[in-house]
Amino acid sequence: MAENKIDMFKLVEQVEKQKSMDIDDIFSTLDSVKADEDVKKEEQVKDRSYATFTSVADPEMISRPRIPDQIGQYQTRFECFKGIVENVSYGTKNVNAYVEGHRDALEKYYSDAYKNMKDLYVIEARVNDELNRFNSHSGLYEKGYYDGLAYVLKALKRSKELLMSRINSEITRNL
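Rules of the game
- Residues numbered from 1 in each chain as written.
- Predicted model: local features only at pLDDT ≥ 70, side-chain atom pairs only at ≥ 80, totals over all residues.
- Heavy atoms only, no water.
- Phe/Tyr/Trp six-rings, centres within 6.5 Å; stacked < 30°, edge-to-face > 60°.
- Helix = DSSP H or I, 4+ residues; strand = E, 2+ residues; numbered from the N terminus.
- Buried < 20%, exposed > 50% of the residue type's maximum accessible area, 1.4 Å probe, protein only.
- Core = buried A, V, L, I, M, F, W, Y, C linked by side-chain atoms within 4.5 Å.
- Contact = heavy atoms within 4.5 Å.
- Salt bridge = Lys/Arg side-chain N within 4 Å of Asp/Glu carboxyl O.
- Axes fitted to C-alpha atoms, helices over the stretch in contact; angles between N-to-C directions.
- Parallel < 35°, antiparallel > 145°, perpendicular 65-115°, else oblique.
- Left-handed = near helix turned anticlockwise from the far one by under 90°.
- Nonpolar A, V, L, I, M, F, W, Y, C, P; charged D, E, K, R; others polar.
- Patch = residues over 30% accessible without salt bridge, like charges linked within 9 Å, V, L, I, M, F, W, Y side chains within 5 Å.
- Areas by Shrake-Rupley, 256 points an atom, 1.4 Å probe, with all protein chains shown as cover.
- pLDDT = per-residue confidence, 0-100.

**Student:** Got a minute to help me understand the packing of aromatic side chains in this structure?
**Tutor:** Note on aromatic pairs: each is described by the distance of the centres and the angle between the planes. In the structure shown here, the tally under the stated rule is 5 aromatic pairs. Aromatic pair Phe 78 and Tyr 110: ring centres 6.3 Å apart, planes at 35 degrees, arrangement tilted. Within this pair, whereas Phe 78 is found in helix H3 (residues 77-86), its partner Tyr 110 is found in helix H4 (residues 97-115), the two being separated by 32 residues in sequence. For Phe 78, a relative accessible area of 6% gives the class buried. In this structure Tyr 110 comes out as partly exposed when scored by relative accessible area, which is 21%. An angle of 40 degrees between the planes, with centres 5.5 Å apart, marks the rings of Phe 134 and Tyr 146 as tilted.

**Student:** Explanation requested: the nonpolar core in the structure shown.
**Tutor:** Grouped burial of nonpolar side chains is what soluble globular proteins tend to show. Among the nonpolar cores identified, the biggest contains 31 residues, and Phe 81 and Val 127 are the most heavily contacted of them. Every element with two or more residues in this core is listed here: H3, H4, helix H5 (120-133) and helix H6 (140-174). Discounting chain neighbours no more than four positions away, the residues touching Phe 81 are Tyr 109, Tyr 110, Ala 113, Leu 120, Val 152, Ala 155, Leu 156 and Ser 159.

**Student:** Whenever I open this one, the pattern of salt bridges confuses me. Can you help?
**Tutor:** Working definition: two side chains of opposite charge can pair if their charged atoms are close together. If you walk through the whole model with that rule in mind, you get 8 salt bridges. A salt bridge links Glu 130 to Lys 108, with the shortest nitrogen-to-oxygen separation between them at 3.1 Å. In this pair, Glu 130 is assigned in helix H5 and Lys 108 in helix H4, connecting sequence segments 22 residues apart. With a relative accessible area of 12%, Glu 130 lands in the buried category. Lys 108 gets classed as partly exposed once you look at its relative accessible area, which sits at 36%. Where Arg 166 meets Glu 170, a salt bridge forms, and the shortest distance between an N and an O atom there is 3.2 Å. Of this pair, Arg 166 and Glu 170 both sit in helix H6, 4 residues apart, which is roughly one turn of that helix. Each of the salt bridges in this network shares a partner with another, and the network as a whole consists of Arg 77, Glu 124 and Lys 160.

**Student:** Looking at this structure, how should I read the packing of H3 against H4?
**Tutor:** A pair of packed helices is characterised by two quantities: the angle between their axes and the separation of those axes. Relative to each other, H3 and H4 sit at 160 degrees, their axes nearing to 11 Å. Here H4 runs roughly antiparallel to H3, going by the angle between their axes. In the crossing of H3 with H4, the sense of the turn from one axis to the other is left-handed. The residues of H4 that touch H3, namely those facing Phe 78, Phe 81, Lys 82, Val 85 and Glu 86, are Leu 106, Tyr 109, Tyr 110, Ala 113 and Tyr 114. Its residues placed into classes, the contact of H3 with H4 shows 8 nonpolar, no polar and 2 charged.

**Student:** Help me understand a nonpolar patch on the surface, please; the structure alone is not making it clear to me.
**Tutor:** Taken together, Ile 167, Ile 171 and Leu 175 make up a surface patch of nonpolar side chains, about 350 Å² in accessible area. Checked against the element boundaries, Ile 171 lands in helix H6. By relative accessible area, Ile 171 is classed as partly exposed at 46%.

**Student:** Where do I start with the confidence of the model for the chain in this structure?
**Tutor:** Detailed conclusions should not be drawn from predicted coordinates in areas where pLDDT is low. With 61% of its residues at a pLDDT of at least 70, the chain reaches an overall mean of 75. Element-level mean pLDDT values for the chain span from 54 in helix H2 (residues 23-52) up to 93 in H5. Counting interchain partners and residues more than four positions distant, the pLDDT-below-50 stretch residues 1-6 has 2 contacts. For the stretch residues 45-60, pLDDT sits under 50, and the model shows 13 contacts to residues farther than four places along the chain or on other chains.

Structure follows, in structure tokens:
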């Protein structure tokens, strides 16, 4: 967006410098700016489609997110789970079908967990069931979705562990 403003400012400067330009010259200059923007957009689309078909063996393109060690402040298991899921980092170069699949799994079970905040065991059972029934690992999207399911399951288990640890430390502190 900032590039568009810079191009428009350059156009205004050109018009100011050449007050004698007629309306056809102005429109042709605008058309050339528009054509440059279209070329940039096409290059961005090509870059994204290349990233989608990049080999799974390329370690820079696909990195599996990890559960963070520190979550921050939380009072309930859902808040802990929410902190884990919301802070997923895919790196800067990960824009592909794998990431889309991973995000879809996280979003699906995050919204389910939001609806069942008080009983995350139900969500844990659903994730376990879907993981056991999942049988397609043929594409990047499917691999990402499967890994996303595994991430959600780990996040649910980790939220339980962290909450139990926090409760244990509060009890021992008060004794």
